[in-house]
Amino acid sequence: MNSPITKLYALMLVLFAALVGFTSYWAVFDSNTLKDETANRRPLIEEQQVRRGLIKTADGVTVAESHPEGGGKNPVYVRDYPQGSLYGHPVGYSFVQTGQTGIEKSENAVLAGERNEFTSILDQLRSVPQEGQNVTLTIDSHIQQVATQALQQEIASNGIQGAGGAVVALDPSTGAVKAMVSQPGFDPNTVKDQGVLERLNSQGSGAPLVNRATQSVYPPGSTMKVVTAAAALDSGQFTPNSVLSGHSPQNIGGVPLFNAGGEEFGNIDMTTALTASVNTYFAQVGEQLGTGTMVEYMKRFGFYSDPALDYPSDEMAPSGPYNSSGSLVTSNFDVGRVAIGQGGAEGQDLTTPLQMAEVAATVADGGKLMQPTFVQQVTDPDGRVTQKLSPHVQATPISPQTASELTDMMTHVTQDPEGTAAGLTVAGGVPFAGKTGTAEIGDPADGINQPWFIAFAPAQDPKIAVAATIERCQGCFGAEVAGPVVTQVIDAALGSG
Amino acid sequence: MSARNRELLALIPVAILVTAGFTAVFIVESSQIGDISLIYGGYFLAVCVGVHLFIRVRLPYADPYLFPLCALLAAIGLVMLFRINDDLALKQASIFVGGAVLLALTILFVRDYHALQRYRYLIATGGILLLMAPRLPGIGAQVNGAYLGINLGPFSFQPAEIAKICIVIFLASYLAEKRELLTVAARRVAGLTIPPIKHFGPLLVVWGATMIMLIYIRDLGSSLMFFGAFLALLYVATARLSYVITGLALFLVGATLIASQITHVRDRVDIWQNTFDKNPCHLTKQELHAGEDCGVGQIQQSLFAQADGGLFGQGLGESLLKLPGPFAPNCQQPFPDCGSILPAPHTDEIYALIVAELGLFGGAALIVVYALIAARGFKTAVMARDGFSKLLATGLTAVFALQAVVIIGGVVKFIPLTGVTLPFVSFGGSSVIANMILLALLLMISNDARRPLPPPREAEPMLEELPA
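Residues numbered from 1 in each chain as written. Chains lettered and ligands numbered in written order. Predicted model: local features only at pLDDT ≥ 70, side-chain atom pairs only at ≥ 80, totals over all residues.

**Section: the environment of G185 of chain A**
All names here are of chain A. If you trace the backbone, G185 turns up in the loop between β8 (177-183) and α9 (194-201). The class of G185 is buried, set by 21 C-beta atoms lying within 10 Å. Residues G185 and A207, spaced 22 residues apart in sequence, show a C-alpha to C-alpha distance of 8.7 Å. Setting aside residues no more than four positions away along its own chain, G185 makes contact with S85, G88, H89 and P208. (Helix = DSSP H or I, 4+ residues; strand = E, 2+ residues; numbered from the N terminus. Buried ≥ 20, exposed ≤ 12 C-beta atoms within 10 Å, placed from the backbone. Contact = placed C-beta atoms within 7 Å.)

What follows is the structure, encoded as structure tokens:
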């Protein structure tokens, strides 16, 4: 009977080997698939057991914090947003039930205190519990508050039902986002509930969860002329004194183009054309520069790709000429009309408020585009700074000379009595630079506009660059509706509002 | 070195391991080193040395590695149970002491295990009656659709654990006697070997009993284990693969038929095949007890726990087990019966917990221990000097090893998950007690097998041949 016994043992060994084989499949080879399985709540629960770091503004106001729930030895932490809707954008939310958005998502690794394999082993030996790091934002609570109130007020008095808007304020020398507002907003505390989230995402809710500052693209209207002027000057083909006809209408792209209100201008230089926002002048400039040069300079300013902001990529959109099927195009569009922030089915210029704030900031910073960022610094639970904002030049779209000439021209827009923003003042009369925009939405007969204003102040040694826009505004113009939002933000930033 | 000294020496690493394991869990739980782990290690060593001394006196020639290997399993089990809940470890430790006493009593009272042959029909009847006990009103209890245990006052007892030994004793005894007839008297009809029905009848009864288990107490795991041991013995006794194949085919036909009739069994199979489907269950809400999900959560959580383990595991006490705060359900029963992310971490799923905390290497090491025990058991069978001893050792070893294969196989989704315990590791009185009896029998067989033959004496036979 000994031979069958040996064979039986061999069979047992095969069975045991199969067990080891199956174990290694689940524990090692297939473990990542299992960890991603929706029914697997382990990663989620483990993440909730870590106290998530605080999010504070640059001036120390707590925007997001976590409180323990469940008590006992193994609590889980739940997020609170003490400032309510004020920072719904751009901070977003982080809940087990509904996931993560905004800065909560883009900074998740530091907030959750994720460690690499090596420090993890060291911490385990020292039995240090995993704890999240604290994030200090570049946002200033005062500027954020002023920007929110100013935008809400303008939307309430001018916007049609359900309209929204956005404001972005940047520090031109560092790229720091000092304020970012998107209206309508939402209170992140309410989004813990799946039902509320679904309601806010539903049709007719006014899309409060969309961050209009980074994700919505709008026709920029005449604010685009800053980009066109920059391309014209920096390419060396034009100077501020280059003279063209301001006659209206003129044939642009085979179709007559009118100035605003059909206004006639004689032969004028570029400074005058920007000050009075002459469509026909800049459309000719666009046509003379050509599609190649215009696309080149748009790309230099960051068009055609998501902003280089530390923010989730699914909550950002690139700016540039979009065709009617929603794709960015680099050729075969009406370059004369794109140069003044318009276009047609083959290519309509559409930009995010953040992109236009970056344009203003680039001019303000002597031609250098600083990479925008939300994070001032990161501190570990013991208060040690582990990461600090180090300003990074994202690109140099234009020369300092071009920037200086543009600053001069944009200062005329606000300071010259003929300027489209002549009525606006900041900080008790400090000279500042700006550009208005008023894009017509749909049938011009309806009078629905998209008013814009981009600006930086002071004109010399700028401290703040701002862009503001309001959606679907009845009979609104950039200077009258978007302008006051921007000037209030500038006042707040310069410490006089 | 003598066999007994080797046994004593082998117990030392086991004691060190249990001390180290307790220390590790203790540090994680309370961030300090106490003498409690040393006390546990000391007690464990004391009990083991006690058993060793007993074996030294009563079974001096017994296999020296069987007991240390089983003690190693018990040590791993105690550490894991201590990690789950110190109450469980304490209970299991006293069960282990009780089991050790039972091991000694078995060796004392059975004396010559050959005597068991005489009571084989009694033993078989007793075993089958034990199996039916969970369906008896008043003492039977249903768990997850299967009738596995009986409640005797405060104790619950799984009779299948004892029954497996009874059935193996019967089969070994019966086959030892009839194996010649089963092979020699077989006729070949149309290429098939047909064994003589008369001698095969009792074996069919056993096969029938396992099928009844499936139908009546719905214990898929135990019937798999029983039937596996039955086939193993049949094969060793007759050396005919055709019997095994026929038996296997019969079992599969029967099991398929039953699976199509009994929802509980069908669910187990469907969950095994479609673990991540939305709802592989056929049982309706009314048929399930409150809070049960027909077992789909159990196999999923088992795999998720193993996925967390990786190569080296998360460390003793470091994996997620107790559901924290708001995730914890409203519990009537104490942890770990309720509030554990891994269902039944102390019984069915203890292997998943071992992989989660000690990794693939920990799990593989445990399986190697079972393989080593099987090696010692089969070696005993090879060395045994008579047919009954060989078959009994084979049967006991096979049923022990198969039990590990059935439960670990279920946990790693190799076969459908069924509720049997992991021998010596899982929490549970009946399992430890039954396996201690099994170990006692194996030790006795090996003592007989390894006893040096007495030198041939010449005088006595001469005397007998003298004319009166």
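**Some points on helix α14 (residues 429-450) of chain B**
Helix length check: α14 of chain B (22 residues) gives 31 Å between terminal C-alpha atoms against 32 Å at 1.5 Å per residue, within 8%. Of all the 22 residues making up α14 of chain B, 20 are buried; the element is thus mostly covered by neighbouring parts of the structure. (Expected span 1.5 Å × (residues − 1).)

**Things to note about the sheet that holds strand β15 (residues 347-350) of chain A**
All names here are of chain A. Ordered in space as β13-β15-β14, the three strands form an open sheet in which the pairing is antiparallel. Looking at the sheet topology across the chains shown, the edges are occupied by β13 (320-322) and β14 (343-344). The pairing of β14 with β15 spans two bridges and is antiparallel. Paired with G344 across the strands is G347, a residue of β15. (Pairing = 2+ DSSP bridges.)

**Digging into the interface of chain A and chain B**
In this complex, chain A contributes 37 residues to the contact, which on the side of chain B involves 46 residues. For the side of chain A that touches chain B, the secondary-structure elements that each account for two or more residues are α1 (2-29), α2 (31-36) and α3 (42-48) of chain A. Examining the composition of the side of chain A that touches chain B, we find that 18 residues originate from one element, α1 of chain A, more than from any other. Split into classes, the residues belonging to the side of chain A that touches chain B amount to 21 nonpolar, eleven polar and five charged. (Nonpolar A, V, L, I, M, F, W, Y, C, P; charged D, E, K, R; others polar.)

**Describing the packing of α1 of chain A against helix α8 (residues 220-238) of chain B**
Here α1 of chain A crosses α8 of chain B at 145°, and the two axes come no closer than 7 Å. Our pair here, α1 of chain A against α8 of chain B, has a crossing hand that is right-handed. Residues P4, I5 and L8 of chain A of α1 of chain A form the contact with α8 of chain B, whose participating residues are A232, Y235 and V236 of chain B. Along the lines of polarity and charge, the residues of the contact of α1 of chain A with α8 of chain B split into six nonpolar, no polar and no charged. (Axes fitted to C-alpha atoms, helices over the stretch in contact; angles between N-to-C directions. Left-handed = near helix turned anticlockwise from the far one by under 90°.)

**Let's talk about the sheet that holds strand β6 (residues 134-137) of chain A**
Residue and element names in this part refer to chain A. Taken in spatial order, the six strands make up an open sheet running β3-β2-β1-β6-β17-β18, and their pairing is mixed. Strand pairing shows two members of the sheet lacking a second neighbour, β3 (76-80) and β18 (385-388), which therefore form its edges. The pairing of strand β1 (residues 55-56) with strand β2 (residues 62-69) spans two bridges and is antiparallel. Its bridge partner lying in β2, I55 is registered against A64.

**Re the packing of helix α3 (residues 66-84) of chain B against helix α4 (residues 86-110) of chain B**
All names here are of chain B. For the pair α3 and α4, the least separation of the axes is 6 Å and the interaxial angle reads 150°. Regarding the angle of α3 to α4, the classification is roughly antiparallel. Contacts between α3 and α4 involve A74, G77, L78, L81, F82 and I84 from the former and D86, L88, A89, Q92, A93 and F96 from the latter. For the contact of α3 with α4, the residue count by class is nine nonpolar, two polar and one charged. (Parallel < 35°, antiparallel > 145°, perpendicular 65-115°, else oblique.)

**Here's the deal with the nonpolar core**
Counting 157 residues, the largest nonpolar core has L233 and L443 of chain B as its most contacted members. Not counting the four nearest positions on each side in its chain, L443 of chain B is found in contact with I55, L59, A62, D63, L66, F67 and I107 of chain B. By size, the runner-up hydrophobic cluster in this structure holds 113 residues, among which are V91, A112, I252 and W452 of chain A. (Core = buried A, V, L, I, M, F, W, Y, C linked by C-beta atoms within 7 Å.)

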